[in-house]
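Structure assessment
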Amino acid sequence: MQLPVFLLILRLLFIVLLYLFLMQVVIAITRDLRKTAAIGDNPDGSRQIALGHLIVVDSGPSTVVQPGMRFDLDQNTTIGRGPTNTIQISDNFISSEHSRLLFRNGVWYVQDAGSVNGTYVNNQPAREPVPARAGDIVRVGYIQFKLTQ
């Protein structure tokens with residue numbers, strides 16, 4: 001086999017391998033996007049409706065959140081810096097898992113998750129689950145939220 005023919009075969013093989021690699025990348029991205037889109041979906045295909053909201057009233061020294069920002073609440077919501085939290089806030093005064101909000105029998109319960117800067121409901125510490133109503137102020141670190149339905 002002559003050198004030019006051998007080089008041509010190598011080039012074609014390289015191009016085929018490059019296209020196979022790109023195809024694998026596209027397939028992986030497509031799967032990831034489908035999983036991300038399916039996270040908020042119910043099994044019947046409908047979107048999960050938020051049971052409540054936290055609206056930032058005072059962001060304190062934080063530059064990550066601004067007053068007026070709204071966060072949707074699920075039945076079990078966690079707040080913290082870590083990637084596994086429902087609401088992720090990358091603020092220095094927020095622990096990796098800071099607070100938990102649970103919706104049971106039509107009542108919200110707020111509990112600190114062992115954070116350094118604490119969780120408060122209407123300026124009362126929430127070391128144990130504390131019931132909260134719409135309009136109550138929930139403070140996570142130095143950020144104050146208003147609980148709404």
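Residues numbered from 1 in each chain as written. Predicted model: local features only at pLDDT ≥ 70, side-chain atom pairs only at ≥ 80, totals over all residues. Heavy atoms only, no water.

Under an unreviewed UniProt entry, the chain has the name FHA domain-containing protein and belongs to Dictyobacter kobayashii.

1. Regarding the domain arrangement of the chain
Size of an interface, as often reported, equals the accessible area lost when the parts are brought together. Here the chain is partitioned into domain 1 (1-43) and domain 2 (52-148). A C-alpha centroid distance of 43 Å is found between domain 1 and domain 2. (Domains from an automatic or database assignment.)

2. Some points on the pairing of strand S3 (residues 76-80)
Most of S3 is tucked away, with four of its five residues classed as buried. Examined bridge by bridge, S3 and strand S5 (residues 99-104) share four bridges and lie antiparallel to one another. Bridging from a neighbouring strand, Ile 79 pairs with Ser 99 of S5. Where S3 lies against strand S4 (residues 87-88), two bridges are found, and the strand directions are parallel. Paired with Gly 80 across the two strands is Gln 88, which belongs to S4. (Buried < 20%, exposed > 50% of the residue type's maximum accessible area, 1.4 Å probe, protein only. Helix = DSSP H or I, 4+ residues; strand = E, 2+ residues; numbered from the N terminus. Pairing = 2+ DSSP bridges.)

3. Digging into the pairing of S5
Alternating residues of S5 divide into Ser 99, Leu 101 and Phe 103, all buried, and Arg 100, Leu 102 and Arg 104, none buried. Strand direction decides the pairing type here: S5 and strand S6 (residues 107-112), joined by six bridges, are antiparallel. Note on S6: the bridge partner recorded for Arg 104 is Val 107. Linkage of S5 to S6, two consecutive antiparallel strands, is achieved through a turn of two residues, within which Asn 105 is found at a positive phi near 50°.

4. Focus on the sheet that holds strand S1 (residues 52-58)
Sheet architecture is open: six strands sit in the order S2-S1-S11-S10-S7-S8, paired in antiparallel fashion. The open sheet has two edge strands with one neighbour each: strand S2 (70-73) and strand S8 (124-125). Direction of pairing for S1 relative to S2: antiparallel, over a ladder of four bridges. Each residue of the ladder has a partner; that of Leu 54, found in S2, is Phe 71.

5. Things to note about the packing of aromatic side chains
Under the definition given, this model contains three aromatic pairs. Seen in terms of ring centroids, Phe 71 and Phe 145 are 6.1 Å apart; in terms of plane orientation they differ by 75°. Their pairing is edge-to-face. Residue Phe 71 is found in strand S2, and its partner Phe 145 is found in strand S11 (residues 143-148); the two are separated by 74 residues along the sequence. We note that Phe 71, like Phe 145, is buried. Judged by centre distance (4.7 Å) and plane angle (85°), the rings of Phe 93 and Tyr 142 are edge-to-face. (Phe/Tyr/Trp six-rings, centres within 6.5 Å; stacked < 30°, edge-to-face > 60°.)

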